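What follows is each chain in one-letter form.
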Amino acid sequence: MTQMQNVVMSETKSEVVAQNKPQQGGGYISISRNILKNLEINGGEGQRVVNGLIESMRASSPTHTSLSQDQTSWILHHPSALDMFDQIMEASRGKQIVMFLDYDGTLSPIVEDPDRAYMSNSMRKTLRKLARSFPTAIVTGRCKDKVYNFVRLEELYYAGSHGLDIKGPSRSSKYIKNRKAETLIFQPASQFLPMIDEAYQKLVDETKSIPGSLVENNKFCVSVHFRCVDEKKWSELAHQVKSVLKNYPKLRLTQGRKVLEIRPNIKWDKGTALEFLLESLGLANCNDFFPIYIGDDQSDEDAFKKLRDRGQGCGILVSKFPKKTSASYSLQEPNEVMDFLQRLVEWKKVSMRARPWMLMCT
Ligand SMILES: [Mg+2]
């Protein structure tokens, strides 16, 4: 059994990286801070790490609310973005709103087959109007091309693979300061592609004995979905994933809603992708913009935290259940996200009528 050598805090508060001895093949496992409390930091065993991972797999996908008292208290701290719409708009007064949206669980419902996570036509129409009103980006763990096939709107920015694969609008965007610029393309981890392809294949081979498991190649990250796996098999699956990853010290493991994600062990996440996109829009160093980030998953916390640290804009968590989050507000499900986006579009229209000089700012 592999002995844990040490535990290193990563840049993000939401995860901790447990590093194995290099002579034993290296390997990294990311686990939540809550789970860390249950682990022995020095001299803990590999089994304990896997147990922690399994607990984290359960905790990352709550399916029931605990006490209604907890829910009430949570809502007080993270009120509905629909109820707080006027206050949010007031906070954005005089600033350019910039929209960042996760895809799965935010714009589309979570479904058993990730290849069928279709977005409704009404959501697509709303997104199109939104992108005409504000610079808008999709920031997802999915492969960029796959999410584009779901969304099919050229007007948007797409940041796939947790921001490791970024592409700007194909059509010239009115929001790009340098309009002569070519379409924005940014891939900070392209050297990892052969390694990720290899790890993907090994994960497919290793996990094929687990009914319901599904390994998805998202180009710059690999997703091991366990939403259709019997909970009794989660331990076996976690062991299998860990056994593959011990041979890839340059890859790290994180978990989201019913998914384990393997990505390059570099300091790049949805938060840094958000900053990069703001920079691309020429907004990174000014204060006259108001980013709104909406997402439902653990990986979105990096972006929520980035906004909190910068003291700009706001994060909105999509969740029906209380969850620890750096987001300021909440929405319960994709239908509420659509309502919120429609209100934003309406608000912009009314603002334009009231203050046509705002056209000069956009
Ligand atoms: Mg999501």
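Residues numbered from 1 in each chain as written. Predicted model: local features only at pLDDT ≥ 70, side-chain atom pairs only at ≥ 80, totals over all residues.

Draft legend 1. Seen up close, the overall build of the chain. Helix and strand content of the chain: 11 helices and 15 strands. Across the 362 residues in the chain, those meeting the buried criterion constitute 44%. Taking contacts inside the chain between residues at least 6 apart in sequence as the whole, the part at least 24 apart equals 60%. (Helix = DSSP H or I, 4+ residues; strand = E, 2+ residues; numbered from the N terminus. Buried ≥ 20, exposed ≤ 12 C-beta atoms within 10 Å, placed from the backbone. Contact = placed C-beta atoms within 7 Å.)

Draft legend 2. Layout of unusual backbone geometry. Backbone geometry at Arg152 places phi at a positive 55°, although glycine is not the residue there. Assignment of secondary structure puts Arg152 in the loop between helix H6 (144-151) and strand E6 (157-160). In this structure, His162 takes a positive phi of about 60° despite not being glycine. By the element assignment, His162 lies in the loop between E6 and strand E7 (165-167). Residue His162 is classed as buried on the basis of its 28 C-beta neighbours within 10 Å.

Draft legend 3. Seen up close, the environment of Gly295. Note on placement: Gly295 falls in strand E13 (residues 289-295). Remark: the alpha-carbon pair of Gly295 and Leu317, spanning 22 residues in sequence, is separated by 5.4 Å. Once residues lying within four places of it in the same chain are set aside, the contact partners of Gly295 are Asp102, Thr106, Asp300, Ala303 and Val318.

Draft legend 4. Broad picture of the environment of Val244. Residue position: Val244 is located in helix H8 (residues 234-245). Considered as a pair, Val244 and Lys202 are 42 residues apart in the sequence and their alpha carbons are 6.8 Å apart. The residues contacting Val244, other than those within four sequence positions of it, are Ala199, Lys202, Leu203 and Glu206.

Draft legend 5. Geometry of the sheet that holds strand E12 (residues 259-264). Within the open sheet, the four strands sit side by side as E9-E10-E12-E11. Their pairing is antiparallel. Strands with a single pairing partner mark the edges of an open sheet, and in this sheet they are strand E9 (214-217) and strand E11 (251-256). In this sheet, neighbouring strand axes are inclined to one another by 20° on average, regardless of whether the strands run parallel or antiparallel. Bridging between E9 and strand E10 (residues 222-225) involves four bridges; their strand directions are antiparallel. Its bridge partner being in E10, Glu216 is matched across the sheet by Ser223. Sheet strands in contact with H8 are E10, E11 and E12, and its direction is about 155° off that of E11. (Pairing = 2+ DSSP bridges. Axes fitted to C-alpha atoms, helices over the stretch in contact; angles between N-to-C directions.)

Draft legend 6. Region of interest: the sheet that holds E13. Pairing within the open sheet is mixed, and its eight strands lie in the order E8-E7-E6-E5-E4-E13-E14-E15. Both edges of this open sheet fall to strand E8 (185-186) and strand E15 (329-331), since each of them pairs with a single strand only. Bridge count for strand E4 (residues 96-101) against strand E5 (residues 136-139) is three bridges, and the pairing is parallel. Each residue of the ladder has a partner; that of Phe100, found in E5, is Ala137. Here helix H9 (residues 270-280) sits on the sheet in contact with E4, E5, E6, E7, E8 and E13, set at roughly 155° to E5.

Draft legend 7. The confidence of the model for the chain, seen in detail. Residues with a pLDDT of 70 or more make up 79% of the chain, whose mean pLDDT is 83. The low-confidence segment residues 1-44 (pLDDT under 50) makes 90 contacts with residues lying over four places distant or belonging to another chain. (pLDDT = per-residue confidence, 0-100.)

Draft legend 8. Spotlight on H6. Those residues of H6 not exposed but buried are Lys144, Val147 and Val151. An end-on view of H6 places all buried positions within 70° of arc, on one side of the element. In the core, the buried residues of H6 are packed alongside helix H5 (121-133), E5, E6 and E7. The first or second residue beyond H6 is Arg152, which carries a positive phi of 55°. (Arc of directions from axis to C-beta.)

Draft legend 9. Spatial organisation of the packing of H5 against helix H11 (residues 334-354). Close contact between H5 and H11 brings their axes to 9 Å; oriented N to C, the two are set at 35°. Our pair here, H5 against H11, has a crossing hand that is left-handed. Contacts from Ser122, Met123, Thr126, Lys129, Leu130 and Ser133 in H5 reach Met338, Leu341, Gln342, Leu344, Val345 and Lys348 in H11. For the contact of H5 with H11, the residue count by class is six nonpolar, four polar and two charged. (Left-handed = near helix turned anticlockwise from the far one by under 90°. Nonpolar A, V, L, I, M, F, W, Y, C, P; charged D, E, K, R; others polar.)

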